[in-house]
Amino acid sequence: MLTLSGWLALLIGCVEYDMGDRAAAESTRRAALSLAREAYNPEISGWAHEMRAWFALTTGDYRGILAASQAGTDASPKHGVAIQLAAQEAKGWARLGDRRQTEVALDRGRKLLEGMPYPENVDHHFVVDPAKFDFYAMDCYRLLGEDRFAENLAHEVIRAGTDFDGSERSPMRMAEARITLGVVAARQGDLDQAVNYGEWALKVTASLCPPCSWSAENWRPSSTGTTPRRRQARSTWIT
């Protein structure tokens, strides 16, 4: 009963945060962590710490990401959540501009992923599959300016998220993949392509993907200027 309650609390906390109620989400996260300790369930503990890393990421507390990721890894080093914690740690280091530590965290996550069976249900929120890890790595490489890696991973994210009939799953991943392609295009001076990607992605992110707005920050150095096209690009990505 305690274990089921812990998983439910994790899910409710995620929904609360997505709905913008940060205080309630943090309270529910703490409840999940308490239930995990009572149930002696390290996996739920790990995910409760991962939620704290996620909260820190969305509020710009990059050192907080690292602290939460380390606490989660210490609590649950051998479960699937350790992969996600490694990815969150990599995101924190990437935002701090530490390329070496980013690669160390990504490498640890990849090794953990390779050592675990492929998940039976990749739509389960509390599992990590190769496509999800590619999505996290894409984010890191974009922030580090590794455009070739970021672009290749963005295309892979889109490929993996497209069904045989052309319909797309995981709108958040797909939107941020296109934002990544837009950022790369902007850095290469292709503003027409960048604007196209940006306009498409922002139609989705307005209601589904607030975290993708972080990616627009990468546009600022590439879209300055006074030409009409540059003004349109700047408006598309920063508004």
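Residues numbered from 1 in each chain as written. Predicted model: local features only at pLDDT ≥ 70, side-chain atom pairs only at ≥ 80, totals over all residues. Heavy atoms only, no water.

Chemist: Would you mind showing me how to read the overall build of the protein here?
Modeler: Counting secondary structure elements, the protein contains 11 helices and zero strands. Ordering the α and β elements of the protein from the N terminus gives α-α-α-α-α-α-α-α-α-α-α. Out of the 239 residues in the protein, the part that is buried amounts to 48%. Here the contacts in the protein between residues at least 6 apart in sequence split such that 60% fall between residues at least 24 apart. (Helix = DSSP H or I, 4+ residues; strand = E, 2+ residues; numbered from the N terminus. Buried < 20%, exposed > 50% of the residue type's maximum accessible area, 1.4 Å probe, protein only. Contact = heavy atoms within 4.5 Å.)

Chemist: For this particular structure, what's the right way to read the packing of helix 1 (residues 2-18) against helix 3 (residues 42-58)?
Modeler: Relative placement of two packed helices is described by the angle separating their axes and the distance separating the axes. Direction vectors running N to C along helix 1 and helix 3 enclose 10 degrees, while the axes themselves pass 10 Å from each other. By the criterion of interaxial angle, the relationship of helix 1 to helix 3 is roughly parallel. Judged by residue contacts, Thr3, Gly6, Trp7, Leu10, Gly13, Cys14, Tyr17 and Asp18 of helix 1 engage Glu43, Ile44, Trp47, Ala48, Met51, Trp54, Phe55 and Thr58 from helix 3. Tallied by class, the residues present in the contact of helix 1 with helix 3 amount to 10 nonpolar, four polar and two charged. (Axes fitted to C-alpha atoms, helices over the stretch in contact; angles between N-to-C directions. Parallel < 35°, antiparallel > 145°, perpendicular 65-115°, else oblique. Nonpolar A, V, L, I, M, F, W, Y, C, P; charged D, E, K, R; others polar.)

Chemist: Whenever I open this one, the pattern of salt bridges confuses me. Can you help?
Modeler: Opposite charge on two side chains lets them pair, provided their charged atoms get close. If you walk through the whole model with that rule in mind, you get 11 salt bridges. Two residues, Glu89 and Arg108, come together in a salt bridge whose shortest N-O distance is 2.4 Å. Separated by 19 residues along the polypeptide, Glu89 in helix 5 (residues 81-95) and Arg108 in helix 6 (residues 99-114) bring together distant segments of the chain. According to the relative accessible area criterion, Glu89 is buried, its value standing at 12%. For Lys111, the salt bridge is made with Asp107, and the minimal N-O distance between the two is 3.2 Å. (Salt bridge = Lys/Arg side-chain N within 4 Å of Asp/Glu carboxyl O.)

Chemist: I keep staring at the packing of helix 6 against helix 7 (residues 130-144) and nothing clicks. Help me out?
Modeler: Between helix 6 and helix 7, the least distance of the axes is 11 Å, while the angle of their chain directions is 170 degrees. As the angle between them shows, helix 6 and helix 7 are arranged roughly antiparallel. In contact with Arg99, Thr102, Glu103, Leu106, Gly109, Arg110 and Leu113 of helix 6, helix 7 contributes Pro130, Phe133, Ala137, Cys140, Tyr141 and Leu144. Residues belonging to the contact of helix 6 with helix 7 are distributed by class as follows: eight nonpolar, two polar and three charged.

Chemist: Can you walk me through the environment of Asn41 in this structure?
Modeler: The topology assignment puts Asn41 in the loop between helix 2 (22-39) and helix 3. Residue classification places Asn41 among the buried residues on the basis of a relative accessible area of 14%. For the pair formed by Asn41 and Ala75, sequence separation is 34 residues and the distance between their alpha carbons is 9.3 Å.

Chemist: Teacher, can you tell me more about unusual backbone geometry here?
Modeler: Backbone geometry follows two general trends: most residues other than glycine have a negative phi, and most peptide bonds adopt the trans configuration. The phi torsion at Tyr40 lies on the positive side, around 55 degrees, for a residue other than glycine. Positionally, Tyr40 belongs in the loop between helix 2 and helix 3. For Tyr40, a relative accessible area of 74% gives the class exposed.

Chemist: How should I be thinking about the packing of aromatic side chains in this particular structure?
Modeler: The description of an aromatic ring pair uses the distance of the two centres, along with the angle that the planes make with each other. A complete count under the given rule lists seven aromatic pairs for this structure. An angle of 50 degrees between the planes, with centres 5.7 Å apart, marks the rings of Phe135 and Tyr136 as tilted. Judged by its relative accessible area of 3%, Phe135 is buried. For Tyr136, a relative accessible area of 9% gives the class buried. Look at Tyr141 and Phe149: their rings are 5.2 Å apart centre to centre, the planes differ by 50 degrees, and that puts the pair in the tilted class. For Phe149, a relative accessible area of 33% gives the class partly exposed. Each member of the aromatic cluster is reached from another via a ring pair, and the members are Trp7, Trp47 and Phe126. (Phe/Tyr/Trp six-rings, centres within 6.5 Å; stacked < 30°, edge-to-face > 60°.)

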